[in-house]
Amino acid sequence: MDRTTEKDSNYTGLEKMPIAELLRNINNEDKTVPMAVEQALEQIEDLVTIVSEKMRIGGRLFYIGAGTSGRLGVVDASECPPTFGVPFDRVVGIIAGGDTAIRKAVEFAEDDTQQAWKDLLEFKVSENDVVVGIAASGTTPYVIGGLKKANDHNIATGCIVCNSGSPIAAEAQYPVEVLTGPEFVTGSTRMKAGTAQKLVLNMLSTAVMIRLGRVKGNKMVDMQLSNNKLVDRGTHMVMAETGLNEAAAAKLLKEHGSVRKAVEAHLKK
């Protein structure tokens, strides 16, 4: 495999750079990430397709990863219920070392090849599900072990990695390889690689939820109304769909608990 994420930075003498130059150079590196993602769109499409198919028949999407990659999976999974109104257990983020590792690194957790499968079994993972391994390097033992076991049990597998020809990509049935190259700070894959993984995760979960009917037009009609900002947003969605004034739309939304249900109730009148 080609470990481009570990190659020496295109810059040196970072500690001597003025702040403006540091920021400009980091920004210049970041600009390359969307172009790298573009090169992987066909792979992302394949992954979206299988996840949509599995979730349509009641399956779930699992993310497994360690460190930054694991945290990004947890973030994406955590945002699906409030954004799209799906139950909290339909998209699940699992990080090596458990939830403690979200805030504080757990030493050597990523080196355990057996733990990911044990973690997945806690959720009774099955053939209806999809397991996606997230690892910038493409070599994380925790992820490799989890994907191998999932494959052994006829569970669909995917991955999001940032090096080409990695063991994780070889193990995944639906690999996504976003080749981000050397980091501004050599080896610091929380930077470009992490940004690339977040972009792919945004694409994956959003496209899947759209395919599952969780978006109408361009609106989050099933979002959870968990704060005043979202209630206000939902009220204006109802106003736009029904022609009601703000007070009537707010009342209808409060009665039915979601934009979709409020609009459907109005249309049945």
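Preceding block: the structure.
The shown structure was predicted, so the numbers you read here are calculated from the model rather than taken from an experiment. (Residues numbered from 1 in each chain as written. Predicted model: local features only at pLDDT ≥ 70, side-chain atom pairs only at ≥ 80, totals over all residues. Heavy atoms only, no water.)

What am I meant to see in the overall build of the protein here?
Looking only at helices and strands, one finds twelve helices and five strands in the protein. Projected onto its principal axes, the C-alpha positions of the protein cover 65 × 50 × 35 Å. Within the span of the protein, comprising 269 residues, buried residues form 45% of the whole. Taking the intrachain contacts of the protein between residues at least 6 apart in sequence as the baseline, contacts between residues at least 24 apart amount to 69%. Working note: accessible area of the protein is about 13700 Å², and carbon and sulfur atoms make up 51% of it. Taking the average location of the 31 positive side-chain charges in the protein and that of its 34 negative ones, the two points are 7 Å from each other. (Helix = DSSP H or I, 4+ residues; strand = E, 2+ residues; numbered from the N terminus. Buried < 20%, exposed > 50% of the residue type's maximum accessible area, 1.4 Å probe, protein only. Contact = heavy atoms within 4.5 Å. Areas by Shrake-Rupley, 256 points an atom, 1.4 Å probe, with all protein chains shown as cover. Lys, Arg positive; Asp, Glu negative; His and termini not counted. Charge placed at Lys NZ, Arg CZ, Asp CG, Glu CD.)

It is not clear to me how unusual backbone geometry should be interpreted in this structure. Could you clarify?
Negative phi is the rule for most residues except glycine; trans is the rule for most peptide bonds. Unusually for a residue other than glycine, Phe-108 sits at a positive phi of about 65 degrees. With respect to the helices and strands, Phe-108 occurs in the loop between helix H5 (100-103) and helix H6 (115-121). For Asn-154, which is not a glycine, the phi torsion comes out positive at approximately 60 degrees. Structurally, the position occupied by Asn-154 is in the loop between helix H7 (141-152) and strand S4 (156-161).

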